[in-house]
Amino acid sequence: MLDDLDDIHPLFHGAPSTTEFKKLRKRIIRNVREAIEQYGMVERGAKWLVCLSGGKDSYTMLAALYELKWRGMLPVELVACNLDQGQPGFPATVLPEFLERMQVPHRIEYQDTYSIVMDKVPQGRTFCALCSRLRRGNLYRIAREEGCTAVVLGHHRDDILETFFMNLFHGGRLATMPPKLVNEEGDLFVYRPLAHVAEEDCERFARAMNYPIIPCDLCGSQDGLQRQQVKQILDGWEKNSPGRRQVMFKALTNIRPSHMMDPKLFDFLGLSLTERPETKPNAENSIEIPKLR
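Note that residues are indexed from 1 along each chain, following the sequence as it is written. Restriction of local features to residues with pLDDT of at least 70 applies here, the model being predicted, together with a cutoff of 80 or more for giving and counting side-chain atom pairs; totals for whole chains, interfaces and linings are based on all residues. The side-chain quantities take in all heavy atoms of the structure and omit both hydrogens and water.

Peer 1: I tried to follow the pairing of strand β2 (residues 77-84) on my own but got confused; where do I start?
Peer 2: Two faces, one strand: in a regular strand the side chains alternate between the faces of the sheet. For β2, the buried fraction is high: 7 of the 8 residues fall into the buried class. One ladder, built from 5 bridges, connects strand β1 (residues 47-51) with β2; its direction is parallel. Within the sheet, the bridge partner assigned to Cys-51 lies in β2 and is Cys-81. Convention used here: a crossover is right-handed provided that the path from the first strand, over the helix, to the second strand proceeds clockwise when the strands point away from the viewer. A run of H or I in DSSP counts as a helix once it spans at least four residues, and a run of E counts as a strand once it spans at least two, with each numbered from the N terminus. Viewed along the sheet, the connection from β1 through helix α2 (residues 56-70) into β2 turns out right-handed. As paired elements, β2 and strand β3 (residues 106-110) share 5 bridges and run parallel to each other. Of the residues in β3, the one forming a bridge with Asn-82 is Ile-108. Handedness of the β-α-β unit built from β2, helix α3 (residues 94-101) and β3 comes out right-handed. When accessible area is computed with a 1.4 Å probe and restricted to protein chains, residues below 20% of their type maximum are described as buried, those above 50% as exposed, and intermediate ones as partly exposed. Note: two strands are recorded as paired if DSSP finds a minimum of 2 bridges between them.

Structure below.
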């Protein structure tokens, strides 16, 4: 059982023994397992590159995946990877020391994408798009070099919701980050096993476990980001109607193309009326139509 303390992975050593934390931990692991099964992420004998930024989300993901693997529920090889992007003041020793202590196979890669972003992005513009593109390209390369079949990212339920509304408000499309996709080259899967996990649960879990969280000072230092604006809107909705986030997330899994407006997804032009069967008039229900004079 998940409550046993003698056989857990080192990532769970020192876990709080409170009932509240045990419930939190079980909920996270259950949600991760559900996403993995629902979207068919497991291929026996596969190898995953688990991307670790040092934030609360990626720590939670790493712990959950290792718990499932420890329990025999995830028959894949896991390799943690941190991409040091050369941000000034980045504590380069924190993650290697943590992963060594946790007995997690890992690779630390240094690529100074920070200088490229600062050079290419005009003053006042957000860094996220270029930074993400450069990071993703490097992670794909590392995955290939490590013989991995999938790149595993720590985006959670709230990230997926925020991306949906950013596309809705600013992109003019209904789209978000899917739990599973194939990269453009067609040689790697991209998985998001935290797709069903709430950001609040990641925050509570990582803090309770006292993982060494590293903030992102590159993107987080910019005010007025579109994502932050969307996040504030969602926070307001959640405050006024608790549970609203989960309802909206459920809607992303319950789409009816025939009730939307995209002719590429539903053949509106091909719609036709079905011929109604002939019926004999019923004297009790029939309506007499006056004749024209």
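Peer 1: Can you help me understand the nonpolar core in this one?
Peer 2: A general trend in soluble globular proteins is that nonpolar side chains are found buried together. Nine residue types can take part in a nonpolar core, namely buried Ala, Val, Leu, Ile, Met, Phe, Trp, Tyr and Cys, and a core is a set of them joined through side-chain atoms within 4.5 Å. Core analysis: the largest hydrophobic core is formed by 42 residues, its most contacted members being Leu-11, Val-32, Trp-48, Leu-62, Leu-65, Phe-205 and Tyr-211. Among the secondary structure elements, those contributing two or more residues to this core are α1 (19-38), β1, α2, β2, α3, β4 (150-152) and α7 (199-208). The contact criterion used is simple: two residues touch if any of their non-hydrogen atoms lie within 4.5 Å. Excluding its chain neighbours within four sequence positions, the residues that come into contact with Tyr-211 are Leu-11, Tyr-59, Ala-63, Phe-98, Phe-205 and Ala-206.

Peer 1: Just checking my understanding: could you explain the sheet that holds β1 for this structure?
Peer 2: Strand pairing in a sheet relies on backbone hydrogen bonds. The paired strands run either parallel or antiparallel. Taken in spatial order, the 6 strands of this open sheet run β3-β2-β1-β4-β6-β5, and their pairing is mixed. The open sheet has two free edges, formed respectively by β3 and β5 (180-182), since each of these has just one partner strand. The mean inter-strand angle of the sheet, taken between neighbouring strand axes irrespective of direction, is 25 degrees. The sheet contacts of α2 involve β1, β2 and β4, and relative to β1 the element is tilted by about 150 degrees. Its contacts with the sheet place α3 against β2 and β3, and it is angled at close to 170 degrees to β3. To obtain an axis, a line is fitted to C-alpha atoms, over the contacting stretch when the element is a helix, and the angle between two such axes runs from 0 to 180 degrees between their N-to-C directions.

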